[in-house]
Amino acid sequence: MSDLSWAACPDWWEKLQAGATPIPALDLDDNLAEIAVALFDKLVVPDIPGQPTMGEAAEESGAGMVGTRGGLVQDYSDCACVR
């Protein structure tokens, strides 16, 4: 592999080869992630017969993505925000 030090996850190839997700370590708040997944799991999917919840219909990877996004702690104080 060429030099990938510029990438968000420079060791992505090694992680894929090991069966891991090629996502860099993130600063997560476990409590916020848990709350996000609990809420996600309760959402109803009206388009599926029987109207299961997302917790019933989504695979574990779906809950993992929701937990990651919901628990992400990022300091935006140095960003230019559109108001």
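Quick notes on the rules
Residues numbered from 1 in each chain as written. Predicted model: local features only at pLDDT ≥ 70, side-chain atom pairs only at ≥ 80, totals over all residues. Heavy atoms only, no water. Helix = DSSP H or I, 4+ residues; strand = E, 2+ residues; numbered from the N terminus. Contact = heavy atoms within 4.5 Å. Areas by Shrake-Rupley, 256 points an atom, 1.4 Å probe, with all protein chains shown as cover. Axes fitted to C-alpha atoms, helices over the stretch in contact; angles between N-to-C directions. Parallel < 35°, antiparallel > 145°, perpendicular 65-115°, else oblique. Left-handed = near helix turned anticlockwise from the far one by under 90°. Nonpolar A, V, L, I, M, F, W, Y, C, P; charged D, E, K, R; others polar. Expected span 1.5 Å × (residues − 1). Buried < 20%, exposed > 50% of the residue type's maximum accessible area, 1.4 Å probe, protein only. Arc of directions from axis to C-beta. Polar contact = N/O pair within 3.5 Å; in protein donor to acceptor, adjacent residues only side chain to side chain.

### Let's talk about the overall build of the chain
Phase 1 of the analysis: Tallying secondary structure elements over the chain gives 4 helices and 0 strands in all.
Phase 2 of the analysis: Element order for the chain, N to C, with α for helix and β for strand: α-α-α-α.
Phase 3 of the analysis: Pairs at least 24 apart in sequence give 38% of the contacts found in the chain among residues at least 6 apart.
Phase 4 of the analysis: Put simply, the chain shows about 6,700 Å² of open surface, and 57% of that area lies on carbon and sulfur atoms.

### Points about the packing of helix H2 (residues 30-42) against helix H4 (residues 60-71)
Phase 1 of the analysis: Between H2 and H4, the shortest axis-to-axis distance is 7 Å and the interhelical angle comes to 135 degrees. In terms of orientation, H2 and H4 fall into the oblique class. Considering the relative orientation of H2 and H4, their crossing is right-handed. Along its contact with H2, which presents Leu 32, Ala 33, Ala 36, Val 37 and Phe 40, the element H4 presents Gly 62, Ala 63, Val 66, Gly 67, Gly 70 and Gly 71.
Phase 2 of the analysis: Class assignment for the residues of the contact of H2 with H4 results in 7 nonpolar, 4 polar and no charged.

### A look at the environment of Val 66
Phase 1 of the analysis: Considering the arrangement of structural elements, one finds Val 66 in helix H4.
Phase 2 of the analysis: In sequence terms Val 66 and Ala 38 are 28 residues apart; their C-alpha atoms lie 9.7 Å from each other.
Phase 3 of the analysis: When residues no more than four places from it in sequence are discounted, the contact partners of Val 66 are Ala 36, Val 37 and Phe 40.

### Topic: H2
Phase 1 of the analysis: End to end, H2 covers 19 Å across 13 residues, agreeing with the expected 18 Å (1.5 Å per residue, within 8%).
Phase 2 of the analysis: Regarding H2, the residues found buried are Ala 33, Ala 36 and Phe 40. For H2, the angular spread of the buried residues around the axis is 65 degrees, confining them to a single face. For H2, the exposed residues set more than 90 degrees away from the buried face come down to Asn 31, Glu 34, Ile 35, Leu 39 and Lys 42.
Phase 3 of the analysis: As for H2, its buried residues are in contact with helix H3 (54-57) and H4.
Phase 4 of the analysis: Measuring from the side-chain oxygen of the N-cap residue of H2 to the backbone nitrogen of Asn 31 gives 2.9 Å; that N-cap residue is Asp 29.

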